[in-house]
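Single-letter residue listing:
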Amino acid sequence: YRRERSLALRSSSSALYNNLAVLCPPARPPAFGAVHGTTLSLLGSEGPPRQLQARGGGSALSTPLLTQAAWCELPTRVLLVLTSQRGVQMYESDGSTMVFWHALDVPEHPAAHSVFARGIAAAGGRFICVGTSFGAVLVFDIPPKGTNVTLSEVLEQHQDPITDIAAEQGQAQDGAGDLVTADDSGTLCLWSTGEEFTLLGKIPGSGSSCSSVTLWNGIVAAGYGNGQIRLWEAGSGRIRAQVCAHARWIYALDLAPLTGKLLSGAEDSFVHVWKLSRNPDTDDIEIQHCHAECVTDTQVCGARFCDPAGDTFAVTGYDLSEILCYGPA
């Protein structure tokens, strides 16, 4: 890979996990989004850059901080989902029209910990899952068109704030879950989606927060606060590989579904590209290092592939007012 161009943002990127959203429409340039404070900067494949504001949810006292943004691609439609300290906002993919707003239940006497939503994934063909600081995962049933979005289920298996959610990007093996949720304690829950979501297994945390997680061909790849990437079997929950990938906290993981390439970005200014595979003879999960890129003096907070094969990727950094793009060398 080599550095190609950079895209100017109206404001810098906040130091949040997975703070880069990328939408890759067929036969069109990708669209990008990065969160700064109360706004999301959108660089669309069409039209001028625009900014979306966090909704206050009826309170005029202050505008809440955004915590994440992601495009959720369902078979029938694509929605742009924003999470904040007050709730969940869903827009049409270009950010032009708000489709749905869900306010979080804020306790009358707030405890010491803050309230927010974080962790976004499309799952099961018609659902969008969003995590909360209470450890609950909200499952929204999305209609093929229109605004009749309903909260169909709340998954309550985590004791700590949700950090990230990922859905199967390849072909799940028999008995393997197609959704994984991660939390601040490092605990992972594996789910099977459907009319009702079923908990298949739980991988306990080991003292380090799991900031980012992906799921591909029955392999769970998780990035942790201690700089490690661990690979788990989505069917059995067994650990299959562990890599000391970064010197500091991992902030972002992404997966290219066509090739099994894995992208990791961390506080240590490095972005790495790895290749996941299964050994056809032994069925062992293997990981191979492909590329390292140093983004000098930058705390990387977002890293995403810009195409399904993983030939191009983009990076955001804390206090960096641009998105850096990389392409084939």
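Residues numbered from 1 in each chain as written. Predicted model: local features only at pLDDT ≥ 70, side-chain atom pairs only at ≥ 80, totals over all residues. Heavy atoms only, no water.

The name given to the protein in an unreviewed UniProt entry is WDR54 protein, with Certhia familiaris as the source organism.

Draft legend 1. Highlighting the overall build of the protein. Each helix and strand counted, the protein has zero helices and 28 strands in total. Taken over C-alpha atoms, the radius of gyration comes to 18 Å for the protein, in line with the 20 Å a tight globule of 329 residues would show. With the C-alpha coordinates aligned to their principal axes, the bounding extent of the protein is approximately 60 × 45 × 40 Å. In the protein, buried positions account for 56% of the 329 residues. Partitioning the contacts of the protein with sequence separation of at least 6, the portion at a separation of at least 24 is 50%. Carbon and sulfur atoms make up 48% of the accessible area of the protein, which totals about 13600 Å². For the protein, the distance from the average site of its 21 positive side-chain charges to the average site of its 33 negative ones is 5 Å. (Helix = DSSP H or I, 4+ residues; strand = E, 2+ residues; numbered from the N terminus. Rg over C-alpha atoms; globule rule 2.2 N^0.38 Å. Buried < 20%, exposed > 50% of the residue type's maximum accessible area, 1.4 Å probe, protein only. Contact = heavy atoms within 4.5 Å. Areas by Shrake-Rupley, 256 points an atom, 1.4 Å probe, with all protein chains shown as cover. Lys, Arg positive; Asp, Glu negative; His and termini not counted. Charge placed at Lys NZ, Arg CZ, Asp CG, Glu CD.)

Draft legend 2. Here's a closer look at the packing of aromatic side chains. Tallying each qualifying case throughout the model produces five aromatic pairs. Here Y17 and Y251 contribute two aromatic rings whose centre-to-centre distance is 5.3 Å and whose plane-to-plane angle is 80°, an arrangement assigned as edge-to-face. Placement of the pair is Y17 in the loop between strand 1 (2–8) and strand 2 (21–23) and Y251 in strand 22 (residues 250–256), with a sequence separation of 234 residues. Classification of Y17 by relative accessible area gives buried; the value is 13%. Under the relative-accessibility criterion, Y251 is labelled buried at 10%. Between F100 and F140, the aromatic rings sit 5.5 Å apart at their centres with planes inclined by 65°, giving edge-to-face as the arrangement. A residue pair is termed long-range when its members are at least 10 positions apart, and F100 in strand 9 (residues 98–103) and F140 in strand 12 (residues 136–141) qualify at 40 residues. A single burial state applies to F100 and to F140, both of which are buried. Of the aromatic side chains, those joined through ring pairs into one cluster are Y1, F313 and Y326. (Phe/Tyr/Trp six-rings, centres within 6.5 Å; stacked < 30°, edge-to-face > 60°.)

Draft legend 3. View of unusual backbone geometry. The phi dihedral of N18 is positive, around 50°, even though this residue is not glycine. Position of N18 among the secondary structure elements: in the loop between strand 1 and strand 2. The phi angle at D319 is positive, at roughly 65°, despite the residue not being glycine. Here D319 shows up in the loop between strand 27 (313–317) and strand 28 (322–327).

Draft legend 4. Representation of the UniProt feature "repeat: WD" (unreviewed entry) in the protein within the structure. Summarizing the sequence annotation, UniProt attributes the feature "repeat: WD" (unreviewed entry) to residues 243–284 in the numbering used throughout. Taken as a whole, residues 243–284 contains 0% helix and 57% strand, while its terminal C-alpha atoms sit 15 Å from one another. (UniProt positions renumbered as here; feature names shortened; annotations may be inferred.)

Draft legend 5. Main features of the sheet that holds strand 7 (residues 78–84). Taken in spatial order, the four strands make up an open sheet running 6-7-8-9, and their pairing is antiparallel. Each end of this open sheet is capped by a strand with a single partner; those strands are strand 6 (66–73) and strand 9. Going across the sheet, the axis of each strand differs from the next one's by a mean of 15°, ignoring polarity. Two strands pair when backbone bridges link them, and strand 7 and strand 8 (residues 87–92) are joined in this way by five bridges, in the antiparallel orientation. Across the sheet, residue L80 finds its bridge partner in strand 8, namely Y91. (Pairing = 2+ DSSP bridges. Axes fitted to C-alpha atoms, helices over the stretch in contact; angles between N-to-C directions.)

Draft legend 6. Representation of the sheet that holds strand 25 (residues 285–294) in the model. Pairing is antiparallel in the open sheet, where four strands are placed in the order 22-23-24-25. The open sheet has two edge strands, strand 22 and strand 25, and neither has a second partner. For this sheet, the mean inter-axis angle between neighbouring strands, taken without regard to orientation, is 20°.

Draft legend 7. Here's a closer look at the pairing of strand 22. In terms of burial, strand 22 is largely enclosed, as seven of its seven residues are buried. Where strand 22 meets strand 23 (residues 261–266), six bridges bridge the pair, whose relative direction is antiparallel. Each bridged residue has a counterpart across the sheet, and for L253 the counterpart in strand 23 is S264. In textbook terms, the turn of a hairpin is the stretch between consecutive antiparallel strands, and for strand 22 and strand 23 this stretch comprises four residues, one of which, G260, has a positive phi near 80°.

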